[in-house]
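Topology and contacts: notes
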Amino acid sequence: MRDPTTFQAMRLVTLPVTLQHVRDLEEHEGPLLSEFKSNDGETFLYYWCDCDNDANRWLVVRTPRPRLFRYLVGKSNLRTLISDCMDGFVYIVDLDAAARMAGCWFAPSSALPTDYLPAEDSSHPRDQVTEAGFQDVYIDSQWDYEDVATYPRRYLQTYAFHTAFGEGGDPKKVSLDYKLNQGWVFHTLFERMRVNAPPEKRASLAAVSFASPGFLRFTVAPEIAAGLRQSIRKFLKERKSVMSNVTALTAWSNGRDTQLTEKTAKESVVETCKLLGVQGDQLVTHAKSVGNAAKILASYVKRLSFLADNDEEDVAMLVGLGE
Amino acid sequence: MPTTPTFKYATQHQSVDPCPEDEHAPTTRVAYRFVFLPIGPSSFLPVPLTPRPPGIPPPRRNNQEVRCAHFALSMYDTEENATKKYNSLRKNNPNLHQSMGSHLAVLTLQVQHGVQSSPAKDGHFRIHEYAGVDLAPLATLVKDLTAVAP
């Protein structure tokens, strides 16, 4: 391996910050890119760049969480994350076969050899970006108070629907026989779904940073959150059909359309749910009537559309949605 | 009565129980693997196994965690998937060939070689070898993965 002093690096006795491994973001028979955190909660990346017969060399880069999320949702590349790092310098760490420190330096990021940096068109590891137990959302917009309150509420309500009717969900004995015609009733409806789920499957808001760029972090059950992301993908693909069905169902359930019969309305609910990867038959059963099922579906789709639109417009992007 | 085969790294598996995971099963499959030249046992070492033979770099590790998957070997189901993954990794880590090998080899895995995971979307799967299995002699060279820019 190159002597780091040939690219302006200065030798250190040891890494001046204590770091704990959080997760590997990219790996292939051992990590290639890992997330670490310091004792005061700052995020660092370990990026593999070189090796010889005795050690592997890693670049250790302080990376604020919004920057990391920006990379994880595909809005910046790995090269930018390292070469344009906020400190302007990186640590270089040589670790032996047992991950023990064999050398440590710090160097200006602008002086790093080209082959120590990812290519200009480096990709991000789409299949390994979600941290188990969390759904992170990268926010690339200045939000006002209303936005700040709305996004988490809508995410959690959509998630609650999935704990009952989504992939990995279970409606159990939840009863959704509300007279669904007022806003507060829908709030109660999603709350019923939320409390119906066992505690380990419920979601909650775990962390927020609303600066631009900022982030949200939800504690989630991975399989439910993955199902929700899959439904957003399906919605983005089938938006026209879904919205057309929901518009017709809403008109029918409000008595404004006689084109549909109860039988065809039920078929439309089931078909729309199928397009979104959620359980339509179960929804009809637990809603007690096709009309209620249609209203609940419309309410769910409205929230799903909100999450999808925020992602498409690069306002609030769900980490892992691009997988 | 047939005896249940033991795993090559059964002793190490005990520290990362349950290992291998339930979804692994013995099967016959053509497999592609990144290798060093000349193809030999050093191209078929699981992550935690050290010391390495001369000329083979130490395993990439940046923490003390050892997982079950570390005792398995990574493979791909097609040449296309293996090449695509290698190029993708190489874009992010230009010196990757030094750590992972520079060439692609192909071999046919048999049920008596070990248990395999199902290929993922990108064609990647793992094999936990049975004791006494040596896959290196079965591997033949396919191509130099560094000959073309990723």
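Check the entry above for the structure.
Parameters and conventions
Residues numbered from 1 in each chain as written. Chains lettered and ligands numbered in written order. Predicted model: local features only at pLDDT ≥ 70, side-chain atom pairs only at ≥ 80, totals over all residues. Heavy atoms only, no water. Helix = DSSP H or I, 4+ residues; strand = E, 2+ residues; numbered from the N terminus. Buried < 20%, exposed > 50% of the residue type's maximum accessible area, 1.4 Å probe, protein only. Contact = heavy atoms within 4.5 Å. Buried area = accessible area lost by both parts, 1.4 Å probe. Salt bridge = Lys/Arg side-chain N within 4 Å of Asp/Glu carboxyl O. Polar contact = N/O pair within 3.5 Å; in protein donor to acceptor, adjacent residues only side chain to side chain. Nonpolar A, V, L, I, M, F, W, Y, C, P; charged D, E, K, R; others polar. Axes fitted to C-alpha atoms, helices over the stretch in contact; angles between N-to-C directions. Parallel < 35°, antiparallel > 145°, perpendicular 65-115°, else oblique. Left-handed = near helix turned anticlockwise from the far one by under 90°. Core = buried A, V, L, I, M, F, W, Y, C linked by side-chain atoms within 4.5 Å.

**Some thoughts on the overall build of chain B**
Helices and strands together make up the secondary structure of chain B, namely 3 helices and 6 strands. When its helices and strands are written in sequence order, chain B yields α-β-β-α-α-β-β-β-β. Taking the principal axes of the C-alpha coordinates as reference, chain B spans close to 50 × 35 × 30 Å. Each of the 150 residues in chain B was classed as buried or not, and the buried ones make up 51%. In chain B, the proportion of contacts linking residues at least 24 apart, taken out of those at least 6 apart, comes to 75%.

**Brief notes about the interface of chain B and chain A**
Of the residues lining the interface, 35 residues belong to chain B; the matching set on chain A comes to 39 residues. Buried surface at the junction of chain B and chain A, summed over both partners, amounts to about 3000 Å²; 45% is from carbon and sulfur atoms. Three residues, Arg 60, Asn 62 and Asn 92 of chain B, lead the burial of chain B against chain A; their summed loss comes to 26% of the area buried on that side. For the interface between chain B and chain A, the tally reads 3 salt bridges. With a closest N to O distance of 2.8 Å, Arg 33 of chain B and Glu 29 of chain A form a salt bridge. At the boundary of chain B with chain A, the tally comes to 18 residue pairs in polar contact (both at pLDDT 80 or more). Listing elements by their share of the side of chain B that touches chain A, those giving two or more residues are strand E1 (29-35), strand E2 (73-76), helix H2 (79-92) and helix H3 (96-100) of chain B. Among the elements that make up the side of chain B that touches chain A, the one with the highest residue count is H2 of chain B (5 residues). Of the residues in the side of chain B that touches chain A, the class split is 13 nonpolar, 13 polar and 9 charged.

**Concerning the packing of helix H6 (residues 262-276) of chain A against helix H8 (residues 290-312) of chain A**
Residues and elements named next belong to chain A. Relative to each other, H6 and H8 sit at 30°, their axes nearing to 10 Å. The orientation of H6 with respect to H8, classified from their angle, is roughly parallel. Judged by the twist between their axes, the crossing of H6 over H8 is left-handed. Along the contact surface, H6 presents Glu 262, Ala 265, Lys 266, Val 269, Thr 272, Cys 273 and Leu 276, while H8 presents Val 290, Ala 293, Ala 294, Leu 297, Tyr 300, Val 301 and Leu 304. Here the residues of the contact of H6 with H8 are counted per class, giving 11 nonpolar, 1 polar and 2 charged.

**Overview of the nonpolar core**
Residue and element names in this part refer to chain A. Among the nonpolar cores identified, the biggest contains 55 residues, and Tyr 151, Tyr 155, Tyr 159, Phe 161, Met 193, Val 269 and Leu 283 are the most heavily contacted of them. Not counting residues up to four positions away in its chain, the partners in contact with Phe 161 are Gly 166, Phe 190, Met 193, Val 278, Leu 283, Ile 296 and Tyr 300. Within the second largest apolar cluster, 29 residues are counted, among which are Ala 9, Tyr 47, Leu 68 and Leu 81.

**Some points on the packing of helix H7 (residues 280-287) of chain A against H8 of chain A**
Residues and elements named next belong to chain A. H8 packs onto H7 with a crossing angle of 120° between their chain directions and a minimal axis gap of 8 Å. Comparing their axes, H8 and H7 come out oblique. The two elements H7 and H8 meet at a crossing, and its hand is right-handed. Within the contact between the two elements, H7 uses Leu 283, Val 284 and Ala 287 and H8 uses Val 290, Asn 292, Ala 293, Ile 296 and Leu 297.

Geometry only, nothing functional implied.
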